Amino acid sequence: MTPFYQKLLDIQQRASWGELSQYSQPQSWTQLLFEERQLLAQLFLERGCLELGPVRRYPQGFRIAEQLFPQTADFFFQEAQLFLTNKSSPYHLIWAEKALARAIQLAPNFVSA
């Protein structure tokens, strides 16, 4: 386990989502290992959940996770599930449908979708 991976786990354990801001730019991802990048994307999905609300604003955390793994069906499926669990905005259903469509586009035989 790398020191950076451990730092990400600490952020997750403390739910210190504000600390993720320093890792929101693609320039900071160039040297990340696959596992570090995957965990960082997962943390941004978790942060995106906190951004869900009755407003018409797409969660920034989800956008960043999409940039980290733009070709991974699993992340889009997780995103769709998160939109569907929070029904505070009618836009969540629209965004969930788009995330599922993207997951299926990336992996047509994706069983979970």
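Structure: above.
To keep things clear, this report deals only with the structure shown in the data block. (Residues numbered from 1 in each chain as written. Predicted model: local features only at pLDDT ≥ 70, side-chain atom pairs only at ≥ 80, totals over all residues. Heavy atoms only, no water.)

## What to know about helix α2 (residues 34-51)
The test is simple: Only DSSP runs of H or I reaching four residues or more are called helices, and only runs of E reaching two or more are called strands; each is numbered from the N terminus. Expected span of a helix, by definition, is 1.5 Å for each gap between consecutive residues, and there is one gap fewer than residues. Each residue is placed in one exposure class: buried if its accessible area under a 1.4 Å probe, protein chains only, is under 20% of its type's maximum, exposed if it is over 50%, and partly exposed if it falls in between.
With 18 residues, α2 ought to run about 26 Å at 1.5 Å a step, and its terminal C-alpha atoms sit 26 Å apart, in line with that. For α2, the complete set of buried residues consists of E36, L39, L40, A41, L43, F44, L45, R47, G48 and E51.

## Here's the deal with the packing of helix α4 (residues 73-85) against helix α5 (residues 91-106)
Definition in use: In this analysis an axis means a line fitted to C-alpha atoms, helices contributing only their contacting stretch, and an angle means the value between N-to-C directions, from 0 to 180 degrees. Any angle between 65 and 115 degrees counts as roughly perpendicular, while under 35 counts as roughly parallel, over 145 as roughly antiparallel, and the rest as oblique. By convention, the crossing between two helices is left-handed when the near helix turns anticlockwise from the far helix through less than a right angle, and right-handed when the turn is clockwise. Whether two residues are in contact is decided by their heavy atoms: any pair within 4.5 Å suffices.
Two elements in contact, α4 and α5, have axes separated by 8 Å at closest approach and are oriented at 160°. When the axis of α4 is compared with that of α5, the two are roughly antiparallel. Classified by chirality, the crossing of α5 by α4 is left-handed. On the side of α4, the interface is formed by A73, F76, F77, E79, A80, F83 and L84, while α5 contributes H92, L93, W95, A96, A99, L100, R102, A103 and L106.

## Remarks on the side chain of R47
Spelled out, the test is: Pairs of N or O atoms within 3.5 Å make up the polar contacts considered here, provided that, within protein, one atom can donate a hydrogen while the other can accept it, and that residues adjacent in sequence are counted only when both atoms are side-chain atoms.
Relative to the elements of secondary structure, R47 occurs in helix α2. We classify R47 as buried; its relative accessible area is 14%. A distance of 3.1 Å separates polar atoms of two side chains, one belonging to R47 and the other to E51. When neighbours within four sequence positions are excluded, R47 is seen to be in contact with W17, L20, S21, Q60, G61 and I64.

## Re unusual backbone geometry
The phi angle at A15 is positive, at roughly 55°, despite the residue not being glycine. Among the structural elements, A15 can be located in the loop between α1 (3-14) and α2.

Shape is all these values report; function is a separate question.
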